[in-house]
Amino acid sequence: MNLILIGYMGSGKSTLGRKLAETLQYPFIDLDDYIEEQEQLSIPELFKVRGEIYFRKKEHEYLKALLQEQDNVVLALGGGTPCYANNMDLITKDENTKSFYFKAGIKELTNRLKHEKENRPLLNRFKTDDELMEFIGKHMFERSAYYNQADVVIPVDNTTELAVLDQVMSHLV
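Residues numbered from 1 in each chain as written. Predicted model: local features only at pLDDT ≥ 70, side-chain atom pairs only at ≥ 80, totals over all residues. Heavy atoms only, no water.

Which residues make up the sheet that holds strand β5 (residues 152–155), and what are the values?
The strands that make up a sheet pair up through hydrogen bonds in the backbone, lying either parallel or antiparallel. Taking strand neighbours across the sheet as the criterion, the 5 strands line up as β2-β3-β1-β4-β5 in an open arrangement whose pairing is parallel. Here the strands that pair on one side only, and so sit at the sheet edges, are β2 (28–30) and β5. In this sheet, neighbouring strand axes are inclined to one another by 20 degrees on average, regardless of whether the strands run parallel or antiparallel. Sheet topology note: the strand β1 (residues 2–6)/strand β3 (residues 74–76) ladder contains 3 bridges and is parallel. Within β3, the position partnered with Leu 5 by the bridge is Ala 76. (Pairing = 2+ DSSP bridges. Helix = DSSP H or I, 4+ residues; strand = E, 2+ residues; numbered from the N terminus. Axes fitted to C-alpha atoms, helices over the stretch in contact; angles between N-to-C directions.)

Which residues make up the environment of Pro 82, and what values do they have?
Among the structural elements, Pro 82 can be located in the loop between β3 and α5 (87–92). For Pro 82, a relative accessible area of 2% translates into the label buried. Residues Pro 82 and Tyr 147 lie 65 residues apart in sequence; the distance between their C-alpha atoms is 6.7 Å. The contacts of Pro 82, once residues within four sequence positions are left out, are Ile 6, Leu 77, Asn 87, Met 88, Tyr 146 and Tyr 147. (Buried < 20%, exposed > 50% of the residue type's maximum accessible area, 1.4 Å probe, protein only. Contact = heavy atoms within 4.5 Å.)

I'd like to hear about the layout of surface pockets, residue by residue, with values.
Each pocket or cavity is described by its volume, and for the largest pocket that value is around 630 Å³. As for the largest pocket, its lining consists of 30 residues, and the residues nearest its centre are Met 9, Asp 32, Gly 78, Gly 79 and Arg 120. Of all elements in the fold, only α1 (13–24), α2 (31–39), α3 (43–49) and α4 (52–69) reach the threshold of two or more residues within the lining of the largest pocket. For the lining of the largest pocket, the per-class residue count stands at 8 nonpolar, 10 polar and 12 charged. (1 Å grid on protein atoms, 1.4 Å probe; cavity = no way out; pocket = protein on both sides within 12 Å on 5 of 7 lines; lining within 4 Å. Points joined across faces, edges and corners; volume = space filled by probe spheres on them. Nonpolar A, V, L, I, M, F, W, Y, C, P; charged D, E, K, R; others polar.)

Help me get a handle on the packing of aromatic side chains, residues and values and all.
Aromatic ring pairs are defined here through the distance separating the ring centres and the angle between the ring planes. Inspection of the entire model under this criterion finds 4 aromatic pairs. Note on Phe 126 and Phe 135: the rings are 4.8 Å apart at their centroids and 40 degrees apart in plane angle, and the pair reads as tilted. Each member of the pair, Phe 126 as well as Phe 135, is classed as buried. Positioned above the aromatic ring of Tyr 54 is the side chain of Arg 50, whose terminal nitrogen or guanidinium carbon lies 5.0 Å from the ring centre. (Phe/Tyr/Trp six-rings, centres within 6.5 Å; stacked < 30°, edge-to-face > 60°. Lys NZ or Arg CZ within 6 Å of the ring centre and 35° of its normal.)

Residues and numbers for unusual backbone geometry, please.
Of note in the backbone geometry, Asn 72 takes a positive phi value of approximately 60 degrees without being a glycine. By the secondary structure assignment, Asn 72 is in the loop between α4 and β3. Residue Asn 72 is classed as partly exposed on the basis of its relative accessible area, which comes to 29%. At Asn 158, a position not held by glycine, the phi torsion is positive, near 50 degrees. Summarising the element assignment, Asn 158 is placed in the loop between β5 and α8 (161–170). A relative accessible area of 80% means that Asn 158 is categorised as exposed.

I'd like to hear about α4, residue by residue, with values.
With 18 residues, α4 ought to run about 26 Å at 1.5 Å a step, and its terminal C-alpha atoms sit 25 Å apart, in line with that. Of the residues making up α4, those classed as buried are Phe 55, Arg 56, Lys 58, Glu 59, Tyr 62, Leu 63, Leu 66 and Leu 67. An end-on view of α4 places all buried positions within 165 degrees of arc, on one side of the element. Relative to its buried face, α4 has exposed residues pointing more than 90 degrees away, namely Ile 53, Lys 57, Gln 68 and Glu 69. (Expected span 1.5 Å × (residues − 1). Arc of directions from axis to C-beta.)

Quick rundown of the packing of α1 against α8? Include the residues and the values.
Between α1 and α8, the least distance of the axes is 10 Å, while the angle of their chain directions is 55 degrees. Classified by the interaxial angle, the pair formed by α1 and α8 is oblique. Here α1 and α8 pass one another in a crossing that is right-handed. Residues Thr 15, Leu 16, Lys 19, Leu 20, Thr 23 and Leu 24 of α1 touch α8, and the partners they reach there are Glu 161, Val 164, Leu 165, Val 168 and Met 169. (Parallel < 35°, antiparallel > 145°, perpendicular 65-115°, else oblique. Left-handed = near helix turned anticlockwise from the far one by under 90°.)

Got a sec to walk through the pattern of salt bridges? Specific residues and values, please.
In total, this model carries 9 salt bridges according to the counting rule given. The residue Glu 108 makes a salt bridge to Arg 112 at a minimum N-O spacing of 2.9 Å. One end of the pair is Glu 108 and the other is Arg 112, both in helix α6 (residues 106–113) and 4 residues apart, which spans about a single turn. What emerges from the salt-bridge pattern is a single network uniting Glu 52, Arg 56 and Glu 59. (Salt bridge = Lys/Arg side-chain N within 4 Å of Asp/Glu carboxyl O.)

If you want it as structure tokens, here you go:
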């Protein structure tokens, strides 16, 4: 069974995904890292050189290929992946997949992301925490319908990594 981790950027998908994969002895794939490897460009460079439409098209192609080719893998998606190109349909209709939405609040996400803006192409234009929080709030409103299609929703605010991993594991039995 493939385990798909969904959530907004900064929700812990990559960090927790690596630990989950280690626990289960599954390979771990971060879709953004995989795209960078395949395209030989960083995500910010892809956005700048090729544009978001190109990126979203490639993101869909690589997600589809990974779901078809992989078995027993932990796959962390980019924050926008579920919202484009019917990617959630690919995930929810795949019988070999269980998806988990790591749900973080707007304030928590702002605190986590405010120090990473230079590495996040969608965030690097915001000068203040209030601007960043407003953007995240709007984004979360737009994306929540996609994220909430996940098989399991796990709140990640004010909890430990171990508690989140325990919740994921409880849904695998």
